[in-house]
Amino acid sequence: MDPKEVADGKVLAALGYPIWVIALVMLFIRNNAFSLYHAKQMMTLVIIQAGLFVPLFGLFCVFQTAVAAITGAASSGGSGGGFLAM
């Protein structure tokens, strides 16, 4: 890869990681091979992150419901204990 191409694409490649929309735009522009490589890598990471988020969020919801049921936060009537009682 040409050093000039690397130098030209460094800023966009670096901004593509924290701001994934920039990486998405770079996929469509395709004017720099260095930034395109990093855009593809970032979009892969976003897809993996989304794929992990959904089951982990579901597991968290199940765990939170179980804790609420055990501590009595979901009990009806009165001001029964639990972590939501004031």
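Coordinates for the structure precede this section.
Predicted, not measured: the structure shown is a model, and the values here were computed from it.

A.B. asks: Any chance you could explain the overall build of the protein chain here in plain terms?
C.D. replies: Within the protein chain one finds three helices and zero strands. Helices and strands appear in the protein chain in the N-to-C order α-α-α. Burial status across the protein chain gives 20% buried among its 86 residues. Counting only contacts in the protein chain whose residues sit at least 6 apart along the sequence, the fraction spanning at least 24 positions is 30%. Accessible surface, the protein chain: about 6400 Å² in total, of which carbon and sulfur atoms supply 73%.

A.B. asks: I'm lost on the side chain of His38 in this one. Help?
C.D. replies: With respect to the helices and strands, His38 occurs in helix 3 (residues 33-71). What His38 contacts, discounting residues up to four positions off in sequence, is Ala13 and Tyr17.

A.B. asks: What's the story with the nonpolar core in this structure? I'm lost.
C.D. replies: Side chains of nonpolar character tend, in soluble globular proteins, to be buried together. Grouped together as the largest cluster of nonpolar side chains are eight residues: Ala23, Met26, Leu27, Leu36, Ala39, Met42, Met43 and Val46. Elements represented by at least two residues in this core include exactly helix 2 (20-29) and helix 3. Considering each element in turn, this core owes the most residues, five residues, to helix 3. Sequence-distant contacts of Met26, that is, excluding residues within four places in its chain, are made with Leu12, Ala13, Gly16, Ser35, Leu36 and Ala39.

A.B. asks: Before we go on, may I ask you to explain the pattern of salt bridges in this structure?
C.D. replies: Any two side chains of opposite charge can pair, so long as their charged atoms come close to each other. Enumeration according to the criterion identifies one salt bridge in this entry. Linking Lys4 and Asp8 is a salt bridge whose minimum nitrogen-to-oxygen distance equals 2.8 Å. Of the two residues, Lys4 and Asp8 are both situated in helix 1 (residues 3-16); the distance of four residues between them amounts to about one turn of the helix.

The rules behind the values
- Residues numbered from 1 in each chain as written.
- Predicted model: local features only at pLDDT ≥ 70, side-chain atom pairs only at ≥ 80, totals over all residues.
- Heavy atoms only, no water.
- Helix = DSSP H or I, 4+ residues; strand = E, 2+ residues; numbered from the N terminus.
- Buried < 20%, exposed > 50% of the residue type's maximum accessible area, 1.4 Å probe, protein only.
- Contact = heavy atoms within 4.5 Å.
- Areas by Shrake-Rupley, 256 points an atom, 1.4 Å probe, with all protein chains shown as cover.
- Core = buried A, V, L, I, M, F, W, Y, C linked by side-chain atoms within 4.5 Å.
- Salt bridge = Lys/Arg side-chain N within 4 Å of Asp/Glu carboxyl O.

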